[in-house]
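Examining the three-dimensional arrangement
Residues per chain, in single letters:
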Amino acid sequence: MGVSMEIKGTVFNIQPFSIYDGPGIRTTVFLKGCNLRCVWCHNPESYLPGRQLQIHPEKCIGCGNCFNMCPQQAHYITEQGEHKIHRDKCTACGICADNCYSDALAMTGRMESARAVFETILRDKPYFDNSGGGVTFSGGECLVQPIFLMELLRLCHEEGIHTAVDTAGNVPFSVIEPMLPYIDLFLYDVKAADPQVHKALTGVTNEQIISNLRRLSELGKEIIVRIPYVPGANDKEIEGIAELLSGLKLRDVEVLPYHKLGEGKRTALDMEMQKFTVPSNADLEEACGILRSKGVAAHFSVIK
């Protein structure tokens, strides 16, 4: 008799009582890894598939324990007195974070079994049942861990838990197709209409993304399109997006305002950062008006 392999994947957060990631009260499971590089990303810790070390210098008490503990001698002090990490030396072993007295160092990302994540989700099932909620798999891009995601979807489906997948759709349709029986709702990001603008903003063109969206619509899948609205980035793309969405069968269209929560995360990971302006309600209403003028029912909302 063969021994079945336990399916594992990398998770960076499990957020209970979420109300912004689909209907009802939900548990949102954030999987690590993404094949886009959106210039406004609010979860930059999701980019890489493995664990990463975050540093919060404002919490550092200068005890020097991390310097003594680090096997790679990756910690250093700049001429300006700032505590920094040699990212090319850091192996994300986590020893320094485990021994940081002030929590100035923290690891993001952990390997979990699908069964363990499912058991965490299952604890919230009474809230799902009472509110019409369920579980949402997000990221990063959850579809870049297809075997892990498929197992989570299957386990939830067998337990009667409503499932949503928050995705940018930048994978071959052959990745999505086997999961379709287990996905009740797609939260589908549309970031730009023009392929070259999309590439400038995310690192990839959008032909595959739009093709998958159209195919899911043709199959009659439940889809909520979510459009991040970022002044100075994709605010000129709304009319083109409206034309792309016109005629598609969609449950809803949400315009989500840019927020600045990702800026602190980029700093903690020593990542380059572009800064953008948070849009006003008037900006968002204008965007919704453009969408409605093309026959696309839309409203603006908040984002997690």
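Before going into details, it helps to say that this report is about the structure given with it. (Residues numbered from 1 in each chain as written. Predicted model: local features only at pLDDT ≥ 70, side-chain atom pairs only at ≥ 80, totals over all residues. Heavy atoms only, no water.)

1. Thoughts on the side chain of T136
Looking at the element boundaries, T136 is found in strand 8 (residues 134–138). A polar contact is formed between the side chain of T136 and the backbone oxygen of D21, at a distance of 2.6 Å. Residues in contact with T136, not counting those within four places in the same chain, are D21, R26, T27, T28, V29, A164, D166 and L187. (Helix = DSSP H or I, 4+ residues; strand = E, 2+ residues; numbered from the N terminus. Polar contact = N/O pair within 3.5 Å; in protein donor to acceptor, adjacent residues only side chain to side chain. Contact = heavy atoms within 4.5 Å.)

2. Concerning unusual backbone geometry
For the bond running from G139 to G140, omega is 10 degrees, close enough to zero to count as cis. Following the sequence through the fold, G140 ends up in the loop between strand 8 and helix 5 (146–158). In this model, A92 sits at a positive phi of 55 degrees, which is unusual for a non-glycine residue. As for its placement among the helices and strands, A92 is situated in the loop between strand 5 (83–85) and helix 2 (95–98).

3. Examining the nonpolar core
Membership of the largest hydrophobic core comes to 52 residues, with the highest contact counts inside it found for V29, I121, F137, L245 and L291. If you tally residues by element for this core, the top one is helix 5, at six residues. Excluding anything up to four places from it in sequence, L245 contacts V190, L213, V225, I227, L250, V253 and V296. Counting 14 residues, the second-largest nonpolar core is a separate cluster that includes C38, V39, C41 and Y47. (Core = buried A, V, L, I, M, F, W, Y, C linked by side-chain atoms within 4.5 Å. Buried < 20%, exposed > 50% of the residue type's maximum accessible area, 1.4 Å probe, protein only.)

4. Focus on the pattern of salt bridges
Taken as a whole and judged by the stated rule, the model has 15 salt bridges. Here R226 makes a salt bridge to D21, at a shortest N to O gap of 3.6 Å. Here D21 lies in the loop between strand 1 (8–18) and strand 2 (26–31) and R226 lies in strand 11 (residues 223–229), a separation of 205 residues in the sequence. In this pair, the class of R226 matches that of D21, namely buried. (Salt bridge = Lys/Arg side-chain N within 4 Å of Asp/Glu carboxyl O.)

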